[in-house]
Amino acid sequence: MNDRLRSALNKLRLSGLSESLEVRLHEAASHNLNHAEFLELLLQDELMVRSERLVNRRLKNASFAS
């Protein structure tokens, strides 16, 4: 991934996408995914990361032992 792309992802606060992009690019090439399928996978990755962070933040705020 080039620096401009990494910078844009950081500015847009898409860290989940940034973490999985290389893997998804290889997966898209090897499975001949079309653009929509590729984009769907990237967005699912970002949503999963955000969901996990939300749960962790709520657990921390609730003061539950983890």
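Residues numbered from 1 in each chain as written. Predicted model: local features only at pLDDT ≥ 70, side-chain atom pairs only at ≥ 80, totals over all residues. Heavy atoms only, no water.

**Describing helix α2 (residues 15-30)**
Now for step 1: An ideal rise of 1.5 Å per residue puts 22 Å on 16 residues; α2 measures up with 24 Å between its terminal C-alpha atoms.
Now for step 2: The largest bend along α2 measures about 50 degrees and falls at L21.
Now for step 3: Here α2 has its buried residues at G16, L17, S18, S20, L21, R24 and A28.
Now for step 4: Structurally, α2 contributes buried residues whose contacts are with α1 (3-11) and α3 (35-62).
Now for step 5: Where α2 ends, the next residue or the one after it, N32, has phi of about 50 degrees, a positive value. (Helix = DSSP H or I, 4+ residues; strand = E, 2+ residues; numbered from the N terminus. Expected span 1.5 Å × (residues − 1). Bend = angle between axes of the 7 residues up to and from the residue. Buried < 20%, exposed > 50% of the residue type's maximum accessible area, 1.4 Å probe, protein only. Contact = heavy atoms within 4.5 Å.)

**Regarding the nonpolar core**
Across soluble globular proteins, nonpolar side chains have a tendency to be buried as a group.
Now for step 1: L9, L17, L21, A28, F38 and L42 together form the largest nonpolar core, which totals 6 residues.
Now for step 2: With 3 residues, the single largest contributor to this core is α2.
Now for step 3: Apart from the residues lying within four places of it in its own chain, the contact partners of L9 are M1, L14, L17, S18 and L21. (Core = buried A, V, L, I, M, F, W, Y, C linked by side-chain atoms within 4.5 Å.)

**Re α1**
Now for step 1: Capping of α1 at its N-terminal end is provided by N2; its side-chain oxygen lies 3.2 Å from the backbone amide nitrogen of R4.
Now for step 2: Where α1 ends, the next residue or the one after it, R13, has phi of about 55 degrees, a positive value. (Polar contact = N/O pair within 3.5 Å; in protein donor to acceptor, adjacent residues only side chain to side chain.)

**Here's the deal with the packing of α2 against α3**
Now for step 1: The contact between α2 and α3 brings their axes to 9 Å, and the two run at 145 degrees. As for how α2 packs across α3, the hand of that crossing is right-handed. Contacts between α2 and α3 involve S15, G16, L17, E19, S20, L21, R24, L25, E27 and A28 on the former and, on the latter, F38, L41, L42, D45, E46, V49 and R53.
Now for step 2: Taken together, the residues that form the contact of α2 with α3 break down as 8 nonpolar, 3 polar and 6 charged. (Axes fitted to C-alpha atoms, helices over the stretch in contact; angles between N-to-C directions. Left-handed = near helix turned anticlockwise from the far one by under 90°. Nonpolar A, V, L, I, M, F, W, Y, C, P; charged D, E, K, R; others polar.)

Take it as geometry only, folks, not as evidence of what the structure does.
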